[in-house]
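Residue strings, one per chain:
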Amino acid sequence: MMLRRGTALDPANAAGLVTALRWGRMTERAAELARAARRLTALIGPDARAEIELAVANAASGRPGVAAVHARCAVALGPGIAAAHVCGGHVAREAGLPEAAVAWLGRGLAIDPLDARAASDRLLCRQYVPGVTAESLAIHHNEWARRFARHEAAQPWRHPDPDRPIRVGYLSPDFALHPIGWFLAGVLPHHDPRAVEHVCYSDRRVADEMTRRLRSAGGEWVSCAGWRSEEHTLNS
């Protein structure tokens, strides 16, 4: 449906079609996305962006081997496109290959060193590399902070009151059947509301049983998927 709409609006606009495919991936309609991406390839010929979307779709559908083939095709078609290498890193991560993921993401960062998200993903993958040490992880995390973290001194919005509850915010796209979801399932229900007020900002479009479990654990729940950065700031 998304591809048909995009084609009807402008059959020659490959960028618009890829945007429609990306939206399909974000809503986790992997099978539909794969069919649409194949049609896009038929319309415009081999295209790195279409291969990236196919790689992500197949990884999300539990087909890591097929996803890896598309990731390699994306790099072959666009060796200078950082997103193609980053995509390969994500596919390798989902396949349980952290060392390969670190290498893929490193190649993407060599092309686009300002991609903070890819750098963060590489930090995540480093934690699963066999033989990793706490010292090496500290070095890499400090390097990430030096390059990307904001270092302005935090300013309290109100005068501290020792008797008021602490207000804690959690922001994640993974309030779901995910390690973060399982971790928080043991945290959120045990907040004492007299001491802690918590707010969950869920940057997730598709809920599952863990999402509903976390949402029922008390506190506030804000669905913020699709918000721009400034909207997060204004609504926090």
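Keep in mind that this is a model prediction, so the values were computed, not measured.

Trainee: Any chance you could break down the overall build of the protein chain for me, citing the residues and the numbers?
Mentor: Within the protein chain, the secondary structure is distributed over 12 helices and 3 strands. Out of the 236 residues belonging to the protein chain, those deemed buried represent 35%. A total of about 14,400 Å² of accessible surface is found on the protein chain, and carbon and sulfur atoms cover 56% of it.

Trainee: Tell me about the side chain of Arg126, residues and numbers included.
Mentor: Within the fold, Arg126 resides in helix H8 (residues 116–126). Although buried, Arg126 forms no salt bridge, and the nearest oppositely charged side chain, Glu99, lies 9.8 Å from it. Sequence-distant contacts of Arg126, that is, excluding residues within four places in its chain, are made with Val102, Val132, Leu137 and His140.

Trainee: Kindly report on the packing of helix H4 (residues 48–60) against helix H6 (residues 82–94), identifying the contributing residues and their values.
Mentor: How two helices sit against one another is set out by the angle between their axes and by the gap between those axes. At a closest axis distance of 10 Å, the pairing of H4 and H6 adopts a crossing angle of 10°. Of the possible angle classes, the one that applies to H4 and H6 is roughly parallel. Each of Ile52, Ala55, Val56 and Ala59 in H4 lies in contact with H6, whose residues at this interface are Ala83, Ala84, Cys87 and Val91. Among the residues forming the contact of H4 with H6, the class breakdown is 8 nonpolar, no polar and no charged.

Trainee: I'd like to hear about the nonpolar core, residue by residue, with values.
Mentor: Residues Cys87 and Val91 are the most contacted members of the largest nonpolar core, which totals 22 residues. Residue assignment for this core shows that the elements contributing at least two residues are H4, helix H5 (64–77), H6, helix H7 (98–111) and H8. The contact partners of Val91, leaving out residues within four places of it in the chain, are Ala55, Ala59, Pro64, Ala67, Ala68 and Ala71. Core analysis: the second largest hydrophobic core is formed by 9 residues, Leu188, Cys200, Met210 and Trp221 among them.

Trainee: Describe the confidence of the model for the protein chain, naming the residues involved and giving the relevant values.
Mentor: Per-residue pLDDT for the protein chain has a mean of 81; in total, 73% of the residues score no lower than 70. Helix H1 (residues 2–9) is the least confidently modelled element of the protein chain, averaging 44 in pLDDT, while H7 averages 96, the highest of any element. Scored below 50 in pLDDT, residues 1–12 makes 15 contacts in the model with residues more than four places away or belonging to other chains.

Trainee: Lay out the sheet that holds strand S3 (residues 220–223) in plain terms, naming residues and giving numbers.
Mentor: The sheet built from 3 strands is open, its strands ordered S1-S2-S3 with parallel pairing. Of all strands in the sheet, those with a lone pairing partner are strand S1 (166–172) and S3, marking the two edges. For this sheet, the mean angle separating the axes of adjacent strands, direction not counted, is 20°. Here 4 bridges tie strand S2 (residues 196–202) to S3, and the two strands are oriented parallel to one another. Across the sheet, the residue bridging to Cys200 is Trp221, located in S3.

Trainee: Now, about the pattern of salt bridges: what can you tell me, with residues and values included?
Mentor: Summed over all chains, the structure comprises 6 salt bridges. Across the salt bridge formed by Glu94 and Arg93, the nearest N and O atoms sit 3.2 Å from each other. Arg167 is the salt-bridge partner of Glu220, the closest N and O atoms lying 3.1 Å from each other. A residue pair is termed long-range when its members are at least 10 positions apart, and Glu220 in strand S3 and Arg167 in strand S1 qualify at 53 residues. Of the residues examined, Glu220 reaches a relative accessible area of 39% and is grouped as partly exposed. Within this structure, Arg93, Glu94 and Asp121 form a network of salt bridges that share partners.

Trainee: Can you explain the side chain of Asp208? Please cite residues and give values.
Mentor: Note that Asp208 resides in the loop between S2 and helix H11 (209–215). Although Asp208 lies buried, it forms no salt bridge, and the closest oppositely charged side chain, Arg204, sits 4.4 Å away as judged by the N-O distance. There is a polar contact of 3.0 Å between the side chain of Asp208 and the backbone nitrogen of Thr211. Excluding anything up to four places from it in sequence, Asp208 contacts Ala176 and Leu177.

Trainee: Any chance you could break down the pairing of S2 for me, citing the residues and the numbers?
Mentor: Burial runs high along S2: 6 of the 7 residues are buried. The sheet contact formed by S1 and S2 spans 7 bridges and is parallel. Along S2, the bridge assignment pairs Tyr170 with Cys200. Regarding the hand of the β-α-β motif, the stretch spanning S1, helix H10 (residues 179–185) and S2 is right-handed. Each parallel crossover has a hand, and for S2 linked through H11 to S3 it is right-handed.

Parameters at a glance
Every chain begins its residue count from 1, and numbering advances along the sequence as written. This being a predicted model, a pLDDT of at least 70 is required before a residue's local features are given, and a value of 80 or more before pairs of side-chain atoms are given or counted; all residues contribute to the totals for chains, interfaces and linings. Calculated side-chain values reflect all of the structure's heavy atoms, with hydrogen atoms and water omitted. By definition, any uninterrupted DSSP run of H or I lasting at least four residues is a helix, any uninterrupted run of E lasting at least two residues is a strand, and each is numbered from the N terminus. Residue burial is assigned from relative accessible area. The probe radius is 1.4 Å, only protein chains are included, and a residue is buried under 20% of its type maximum, exposed over 50%, and partly exposed in between. Computed with the Shrake-Rupley method and a 1.4 Å probe, the accessible areas treat only the protein chains shown as cover for residues. Charge counting treats Lys and Arg as positive and Asp and Glu as negative, with His and both chain ends excluded. For this analysis, a salt bridge means a side-chain nitrogen from Lys or Arg found within 4 Å of a carboxyl oxygen belonging to Asp or Glu. Contact definition: two residues touch when any of their heavy atoms are within 4.5 Å. Note on geometry: axes are C-alpha line fits, over the in-contact stretch for helices, and angles between N-to-C directions span 0 to 180 degrees. Angle categories: roughly parallel below 35 degrees, roughly antiparallel above 145, roughly perpendicular from 65 to 115, and oblique for all the rest. Residue polarity follows a fixed list, in which Ala, Val, Leu, Ile, Met, Phe, Trp, Tyr, Cys and Pro are nonpolar, Asp, Glu, Lys and Arg are charged, and the others, Gly among them, are polar. By nonpolar core is meant a set of buried Ala, Val, Leu, Ile, Met, Phe, Trp, Tyr and Cys residues that side-chain atoms within 4.5 Å join together. In predicted models, pLDDT denotes the confidence assigned by the predictor to each residue on a 0 to 100 scale. Two strands qualify as a pair provided that DSSP identifies no fewer than 2 bridges between them. Under the rule applied, a polar contact is a pair of N or O atoms within 3.5 Å (in protein, one hydrogen donor and one hydrogen acceptor; residues adjacent in sequence only if both atoms are side-chain atoms). When the strands point away from the viewer, a crossover counts as right-handed if the route from the first strand across the helix to the second turns clockwise.

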